[in-house]
Amino acid sequence: MRRILLFLYSLRAFILFVFLEFVAIWLIVNNHSRQGAVFLNSSGQVTGTLLNTKNNFLEYFYLGSINEALSEKNARLLKKLEYTMPLQDTVFFELDSSFAHSFDFWSAKVINNSLHLNQNYITLNKGRNQGLRVGMGVFNEQGVIGRVNGISGNFSTVISLLHTDLLISSKIKRTDVFGSTNWDGVNPQRAKLLYVPRHVEVEVGDTVVTSGFNATFPEGIPIGVITQVASGSETNYLDIFLEFTTDFSRLSYVYLVENTMREELDSLHRQQNTQTDDR
């Protein structure tokens, strides 16, 4: 025992150096979203493989609840089979028929998920080789989850809705009043609905959904339910809090949505901005 202690003591400088290096890397990744995204993307293939192995082992203990959820979903899909036949490796999500031509859907499995940081990320077990792209929206049956921001051959990283820099174009379903959902970094179950004018009628219990005003999500995917409304004391907007419909602590399988007309829309917006600048 004494020899072991003497050996460790002789390596004290090296051990301290390695420890400080890990602390420095941890601080950079967790407190700087840009560096964190670069780190996640550059190490995505190796990290994804390790996380996938770990997740396969742990998921065994949750097979009961997962199978129950899948059985319920299969029952709903069977009822709709006479109306629609999904393509291979796609999923069905109930949307207005006007969106059927412009959105494609994929499914993926969550293999890592952070909850307790200011900038949280999710790792999925599919990537470029399975048709995924940066910018895709991510959601499940409960509601919005985030947006793909990094991708490798077989894995992808998602900037979670539990990220202080992510804004989701939203609207109050009952009144069609528009705003933006943003997490304030405090409670992983609550967020704020921003930019709703003070004169607008908003009630506790109103449902907030995606607005469809950007190219990421179609209109109508749930985000949350309003739990608190107050007059903004220093702005012309209401202080509105909502509770997420998605339970981020129990993510397993998710859907990814791609707007097949995104490039055309982006090109049109760039053209419009150029014309405005010329004036």
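Residues numbered from 1 in each chain as written. Predicted model: local features only at pLDDT ≥ 70, side-chain atom pairs only at ≥ 80, totals over all residues. Heavy atoms only, no water.

### Examining the sheet that holds strand β4 (residues 144-151)
Selection criterion: Two strands qualify as a pair provided DSSP detects at least 2 bridges between them. A helix here means a DSSP run of H or I that spans at least four residues, while a strand means a run of E at least two residues long, and both kinds are numbered starting from the N terminus. For helices, the fitted line uses only the C-alpha atoms of the stretch in contact; every axis is such a line through C-alpha atoms, and the angle between N-to-C directions lies from 0 to 180 degrees.
Spatially, the 6 strands close up into a barrel ordered β1-β2-β5-β4-β3-β12, and their pairing is antiparallel. The mean angle between the axes of side-by-side strands here comes to 45 degrees, regardless of whether they run parallel or antiparallel. Two elements, strand β2 (residues 119-124) and strand β5 (residues 156-163), share 5 bridges in a ladder whose sense is antiparallel. Opposite Thr123, over in β5, you have Thr157 as the bridge partner.

### Structural notes on the side chain of Asn140
Quick reminder of the rule: Exposed residues in this analysis have more than 50% of their type's maximum accessible area, buried residues have under 20%, and partly exposed residues fall in between, with area computed by a 1.4 Å probe over protein chains only.
Following the sequence through the fold, Asn140 ends up in the loop between β3 (137-139) and β4. Looking at Asn140, the relative accessible area reads 7%, which means it is buried.

### Examining the pairing of β4
Summarising burial for β4: 6 of the 8 residues are buried, a large majority. Relative to β4, β3 runs antiparallel, the two being bridged by 3 bridges. The partner of Gly137 across the bridge, within β4, is Arg147. From the end of β3 to the start of β4, which pair antiparallel, there are 4 residues, and Gly143 there has a positive phi angle of about 160 degrees. Taken together, the 5 bridges between β4 and β5 define a ladder with antiparallel strand orientation.

### Observations concerning the nonpolar core
Quick reminder of the rule: Buried Ala, Val, Leu, Ile, Met, Phe, Trp, Tyr and Cys residues form a nonpolar core when they are joined through side-chain atoms within 4.5 Å.
Within the largest apolar cluster, 46 residues are counted, with the highest numbers of intra-cluster contacts made by Leu124, Leu161, Val196, Val202, Phe244, Phe248 and Leu256. With 5 residues, strand β1 (residues 103-113) is the single largest residue contributor to this core.

### Some points on the pairing of β1
In regular strands, side chains alternate between the two faces of the sheet. Inspection of the sheet shows β1 paired to strand β12 (residues 253-259) by 7 bridges, in the antiparallel sense. Directly across from Ala108, in β12, lies its bridge partner Val254. The pairing of β1 with β2 spans 3 bridges and is classified as antiparallel. Pairing of Val110 across the sheet is with Leu124, part of β2.

### Overview of the pattern of salt bridges
Our working rule: Take a side-chain nitrogen of Lys or Arg and a carboxyl oxygen of Asp or Glu: if they are within 4 Å of each other, that pair is a salt bridge.
Overall, the coordinates contain 4 salt bridges when judged by the stated rule. Between Lys171 and Glu219 there is a salt bridge, with the nearest N and O atoms lying 2.2 Å from each other. Here Glu219 lies in the loop between β9 (207-210) and β10 (222-231) and Lys171 lies in strand β6 (residues 167-172), a separation of 48 residues in the sequence. On the basis of relative accessibility, which here comes to 7%, the residue Lys171 falls in the buried class. Salt-bridge contacts for Arg174 lead to Asp206; the nearest nitrogen and oxygen are separated by 2.8 Å.

### Let's talk about a nonpolar patch on the surface
Our working definition: Candidates for patches are residues over 30% relative accessible area with no salt bridge; among them, like charges are joined within 9 Å and nonpolar side chains (Val, Leu, Ile, Met, Phe, Trp, Tyr) within 5 Å. Computed with a 1.4 Å probe, the accessible areas rest on the Shrake-Rupley method; for each residue, only the protein chains presented here act as cover.
On the surface, Met1, Ile4, Leu5, Phe7, Leu8, Leu11, Phe14, Ile15 and Phe17 cluster together into a nonpolar patch covering about 950 Å² of accessible area. Of all the elements in the fold, those that place two or more residues in the nonpolar patch are α1 (2-10) and α2 (12-31). Broken down by element, the residue count for the nonpolar patch peaks at 4 residues, all from α1. Note on placement: Leu8 falls in helix α1.

### What to know about the confidence of the model for the protein
We count it as follows: What pLDDT reports is the predictor's confidence in each residue, on a scale of 0 through 100. Pairs of residues are marked as contacts when any of their non-hydrogen atoms sit within 4.5 Å.
Residues at a pLDDT of 70 or more form 70% of the protein, whose mean pLDDT is 79. Of all the helices and strands in the protein, helix α5 (residues 63-80) carries the lowest mean pLDDT, 56, while β5 carries the highest, 97. Note on residues 78-90: pLDDT under 50 across the span, and 9 contacts to partners over four residues away in sequence or across chains. For residues 97-101, every residue scores under 50 in pLDDT, and the model assigns this stretch 4 contacts once sequence neighbours within four places are set aside.

### Description of the packing of aromatic side chains
Test applied: Two rings from Phe, Tyr or Trp (for Trp, the six-membered ring) form a pair when their centres sit within 6.5 Å of each other. Planes less than 30 degrees apart are called stacked, planes more than 60 degrees apart edge-to-face, and all others tilted.
Summed over all chains, the structure comprises 5 aromatic pairs. Arranged with centres 6.2 Å apart and planes meeting at 80 degrees, the rings of Phe105 and Phe139 form a pair that is edge-to-face. Residue Phe105 is located in strand β1, and its partner Phe139 is located in strand β3; the two are separated by 34 residues in the primary sequence. Like Phe105, the residue Phe139 is buried in the burial classification.

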